Structures are given as structure tokens and as C-alpha cells.
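Notes for the structure review
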Amino acid sequence: MTARTADRTRYDRATAHLDAPVAVVDLEAFDANADDLVRRAGGKPIRVASKSVRCRALLERVLARPGFAGIMSFTLAESLWLVRAGFDDVLLAYPSADRSAYAELAADPELAAAVTVMVDDSAQLELIDAARAGGTEEIRVCLELDTSLRLLGGRVRVGALRSPLRSPGRLAELARSVERRPGFRLVGLMAYEGHVAGVGDSVAGRPLRSRAVRLMQAAARRELAARRAEVVRAVRAVAPGLEFVNGGGTGSVQHTAAEAAVTEIAAGSGLYVPRLFDNYTSFTGRPAALFAQPVVRRPGVGVVTVLGGGYPASGAAGADRLPVPYLPEGLRYDPQEGPGEVQTPLLGAPADDLLIGDKVWFRHAKAGELCERFDELRLIEGDRITATVPTYRGEGRTFL
């Protein structure tokens, strides 16, 4: 029996009393993945990316483990909700234009002390000031550095279109604007190298592309390490009380942690290990989050149809954004249909062993987005469900 077959047996046994669709998190795999992130971080604390988890109970679980500290959130409303739920260190990873949430933040000492907002433009500071509605609390601010790799004199850009702040001078200039402006305090710097942390460098069947990605990432790491160190020096000259410099992502934890300028690492997807994180040479994780769909039809030999399953992930549309049938091994999509909104045909020899009502287990392409489809996660230990916990959606919180 292969390890995957053994997992299928465990998951089927644990959920035998439940009708699919159902989503599960294997806690043994989740905890092992957490341990691996800590090992790769080399002693630097890991700030958990909430968008990759989207479940308060599992955020609490991982933050109770040594090596983890703080949350990286994805909206300001979510940040305030998390603090009111008991979390006391929340870094908002993206600029916000939520005026009502800024008014709440500026009026509440507890919220203002626990939440740090992201800024990369002085216009964002003006928006916050205009939204205060009389609130006088000091707003904690983090600046974001553009991490993209520029080649051929800047004519080629590799990396996400995020912050406009690239040079030490530009970061220092905005830092001075924050420091001069009453009601704000600069406490952090963030740089997310998505073209390194979020792009697999060992794609099955594509050796040339994989080598090109590895060469690009090696060049990007060298360039960014040198530039990030210069930026940190420039900003600390303006704001000596800088509390943290955040960098990284699941795919680059050990590389970013090796930079002396970085004080903490961001990661979250590495806890669930969705399918997009299968193609890395830098680490190997264990799939921890899965969902099951029920077999509802047997159209013919070598074919079954499951209910639903068409849960594409965000990003540029492509096959890599689709869930993959995982258990039993050997199933594949019909290329004419793919995963559907209400039904999904699956092809392959294992289909002939599946009966109406059996479960087919899938892995989502991106981590926390799975939780937007399910109200609950069933937590599995061994072959038993030991807890059922709500996702953000299950708590009535759909922030985006």
C-alpha cells in the first residue's frame, strides 16, 4: 500500500459518516509542515499569512507553536476582526481604502496598538487622515519595497506589480513623510518576493523551463538581498525605531531568512501545501488540506462523475489554477469539460472501482482560497475527526 493509498483509507474512514462535499485538514501533516517552516526559518520568527489559512482555529493552533509570531492579514476589516478575536499583532499586507475601518482603527487604542497598515504612496496617508472621523490614535505604518527583478536596463520586469517604491532613496523619502506627519509612526518594512517564493522551479516534464526559473530566481535573490540591505539602512537612518523587516514566502523561507537585514519571515501556504507548491527543489511539504466530492454518476467504462468541484484559484487563468483529483490515484479530467460548476467527469482506470456515493479527494491549487467554498473544516488525526472548526466563511466573514 502506498502512502497516498493509506491516506485515502484514513480519510474515507474518518469521514464515512459524512456526505460529501467535505473539506478536511490532516493535523499530522499540518503540524509537520509547520515544523518544516520553522526549521527553514533558522531561528527567525514566522508571521502567518492569514489569507493562506482563513480559519481562526488553525491560526491559533500554529501561533501556539514555537517559531511563529504575528499574523499577516489581507484586508483592514479582517485585521480589526482578528484583533477583537484576541490576536494582538496583525500586519496588513496590502494598502486599504476602507474609510470606515480606518475610522474604527483611529478611534480605538487597542486596535491601533495591534494593527500595522501598509503604505507605499503619500496619497494613502492622506486617505487615512481624511477617514479618521475625529479619531486621534497613532496609526502604525509599514512601507512596502518593490522586489521585482529588472533586466535589460529595466525593459524586462520579473515579479508582481505591487509597490512603486524600489530604490533606497524613494523608501527613505516616504519614510520621512510618515515621520513628519502627526498621527503616524513608521514601524516596519515589507518585501514579498513572489517571483521567488511563489513560483515552482521544478515543473514536471519541463526541464528547460525549470532550469530557466532556477537561474532567474538565483539572480533575483542576489539582487534583492543587496538592495534590501541598502533600503533597510536608508530607512533606519530616518526611523531608527523600526521594529521589523518582513520578507519571504513559503517557497523562499530559508533564502530570505539568511539575509541579515530581514528580521521575520512571512509564510502561510506551506501549512496546507496546495498543489502549486509541489514543484519546488527547496522544500517538500505534505498535503494537509483536501476536499472530497461524491460520485453521482457512472457514464461508462473508465468514467465517473462527481458533484461540483470547479473551484479555480486566483491568478492568470490556466490549468495550474485548477484543483487536481488526488485520491484515488490515477484519475484525470476530461479535457473537453474540465472541472465543472455542478458536475465534473473524471477519467481513468480507478473510476471502475468507484461506486455511487464514494468520495473522490481533491487538492486545491492555492491554499486558503479553498475555505471560501466551505463553512467548516473537519480536522483529522489518524483515522478520526477530532474537531470541526469554522472557516472565515463559516463565521460569516467573506472579506474579499
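These notes cover the structure that comes with them. (Residues numbered from 1 in each chain as written. Predicted model: local features only at pLDDT ≥ 70, side-chain atom pairs only at ≥ 80, totals over all residues. Heavy atoms only, no water.)

**Describing the pattern of salt bridges**
Scanning the model with the defined rule gives 34 salt bridges in all. Its salt-bridge partner being Arg54, residue Glu372 comes within 2.7 Å of it at the nearest N-O pair. Remark: Arg54 occurs in the loop between strand E2 (46-49) and helix H3 (56-63) and Glu372 occurs in the loop between strand E17 (359-363) and strand E18 (376-381); sequence separation between them is 318 residues. Classification of Arg54 by relative accessible area gives buried; the value is 10%. Note that Arg140 and Glu243 form a salt bridge whose closest N and O atoms lie 2.9 Å from each other. Linking Arg140 in strand E6 (residues 139-144) with Glu243 in the loop between helix H10 (207-238) and strand E10 (244-247), this pair joins segments that are 103 residues apart in sequence. Accessibility expressed as a relative area gives 40% for Glu243, which makes it partly exposed. Connected via shared salt-bridge partners are Asp146, Arg150, Arg157, Arg166, Glu223 and Arg227. (Salt bridge = Lys/Arg side-chain N within 4 Å of Asp/Glu carboxyl O. Helix = DSSP H or I, 4+ residues; strand = E, 2+ residues; numbered from the N terminus. Buried < 20%, exposed > 50% of the residue type's maximum accessible area, 1.4 Å probe, protein only.)

**Looking at the nonpolar core**
By size, the foremost hydrophobic cluster in this structure holds 90 residues, and its most contacted members are Leu58, Val117, Val141, Leu143, Tyr272 and Leu377. Per element, the largest residue contribution to this core is six residues, and it comes from helix H2 (residues 27-41). Sequence-distant contacts of Leu143, defined by excluding residues within four places in its chain, comprise Met118, Val119, Leu171, Leu174, Ala175, Val178, Leu186, Gly188, Leu189 and Met190. (Core = buried A, V, L, I, M, F, W, Y, C linked by side-chain atoms within 4.5 Å. Contact = heavy atoms within 4.5 Å.)

**Describing the packing of aromatic side chains**
The tally for this structure, following the rule as stated, stands at 14 aromatic pairs. Ring geometry for Phe277 versus Tyr280: centroids 5.4 Å apart, planes at 10°, classification stacked. Taken together through their ring pairs, the aromatic side chains of Phe74, Trp81, Tyr392 and Phe399 make up a single cluster. For the cation-ring pair, Arg40 lies above Phe283, with the distance from its terminal atom to the ring centre recorded as 4.2 Å. Sitting over the face of the ring of Tyr326, Arg363 holds its NZ or CZ atom 5.3 Å from the ring centroid. (Phe/Tyr/Trp six-rings, centres within 6.5 Å; stacked < 30°, edge-to-face > 60°. Lys NZ or Arg CZ within 6 Å of the ring centre and 35° of its normal.)

**Comments concerning the environment of Val324**
You can see Val324 is positioned in strand E14 (residues 324-327). According to the relative accessible area criterion, Val324 is partly exposed, its value standing at 22%. For the pair Val324 and Ala365, spaced 41 residues apart in sequence, the C-alpha separation works out to 7.6 Å. Once residues within four sequence positions are removed from consideration, Val324 is found in contact with Arg275, Tyr333, Trp361, Phe362 and Arg363.

**Considering the sheet that holds strand E5 (residues 115-119)**
Spatial ordering of the closed barrel is given by E2-E3-E4-E5-E6-E9-E10-E11, a layout of eight strands whose pairing is parallel. Averaged over all pairs of adjacent strands, the angle between strand axes in this sheet comes to 30°, irrespective of strand direction. Two elements, strand E3 (residues 68-73) and strand E4 (residues 90-92), share three bridges in a ladder whose sense is parallel. Counterpart to Met72 in the pairing with E4 is Leu91. (Pairing = 2+ DSSP bridges. Axes fitted to C-alpha atoms, helices over the stretch in contact; angles between N-to-C directions.)

**Quick word on the pairing of strand E9 (residues 184-191)**
Counting buried positions over the eight residues of E9 gives seven, a clear majority of the element. Sheet topology places E6 next to E9; six bridges connect them, and they run parallel. Within E9, the residue paired with Leu143 across the bridge is Leu189. Pairing geometry for E9 and E10, over four bridges, is parallel. From the neighbouring strand, Met190 faces E10, where its bridge partner is Asn246.

**Quick word on the packing of helix H8 (residues 168-180) against H10**
At a closest axis distance of 9 Å, the pairing of H8 and H10 adopts a crossing angle of 25°. Between H8 and H10, the angle falls in the class roughly parallel. Handedness of the H8/H10 crossing: right-handed. Across the interface between the two elements, Pro168, Leu171, Ala172, Ala175, Arg176 and Glu179 from H8 touch Glu230, Val231, Ala234, Val235 and Val238 from H10. A breakdown of the residues in the contact of H8 with H10 according to their chemical character gives eight nonpolar, no polar and three charged. (Parallel < 35°, antiparallel > 145°, perpendicular 65-115°, else oblique. Left-handed = near helix turned anticlockwise from the far one by under 90°. Nonpolar A, V, L, I, M, F, W, Y, C, P; charged D, E, K, R; others polar.)

**A short note on the packing of helix H5 (residues 99-107) against helix H7 (residues 122-131)**
Here H5 crosses H7 at 70°, and the two axes come no closer than 8 Å. In terms of their interaxial angle, H5 and H7 are classed as roughly perpendicular. Along the contact surface, H5 presents Arg99, Tyr102 and Ala103, while H7 presents Leu127, Ile128 and Ala131. Tallied by class, residues from the contact of H5 with H7 come to five nonpolar, no polar and one charged.

**Quick look at helix H1 (residues 3-14)**
With 12 residues, H1 extends 16 Å between its outermost C-alpha atoms, agreeing within 8% with the 16 Å of an ideal straight helix rising 1.5 Å per residue. Every buried residue belonging to H1 is among Asp7, Arg10, Tyr11 and Ala14, and all of these are buried. Looking straight down H1, one finds that the buried residues subtend no more than 95° of arc, so they occupy a single side. In this structure, the buried residues of H1 make contact with strand E1 (22-26), strand E12 (289-300), E14, E17, E18 and strand E19 (384-390). (Expected span 1.5 Å × (residues − 1). Arc of directions from axis to C-beta.)

**So, the environment of Gln293**
Secondary-structure assignment places Gln293 in strand E12. Gln293 sits in the buried class, given a relative accessible area of 1%. Between the C-alpha atoms of Gln293 and Ala212, which are 81 residues apart in sequence, the distance is 37 Å. With sequence-adjacent residues up to four places away left out, Gln293 is seen in contact with Ala20, Pro21, Val306, Leu307, Gly308, Gly309, Tyr311, Asp358, Lys359, Val360, Phe362 and Phe374. A distance of 2.4 Å separates the side chain of Gln293 from the backbone oxygen of Leu307, its partner in a polar contact. (Polar contact = N/O pair within 3.5 Å; in protein donor to acceptor, adjacent residues only side chain to side chain.)

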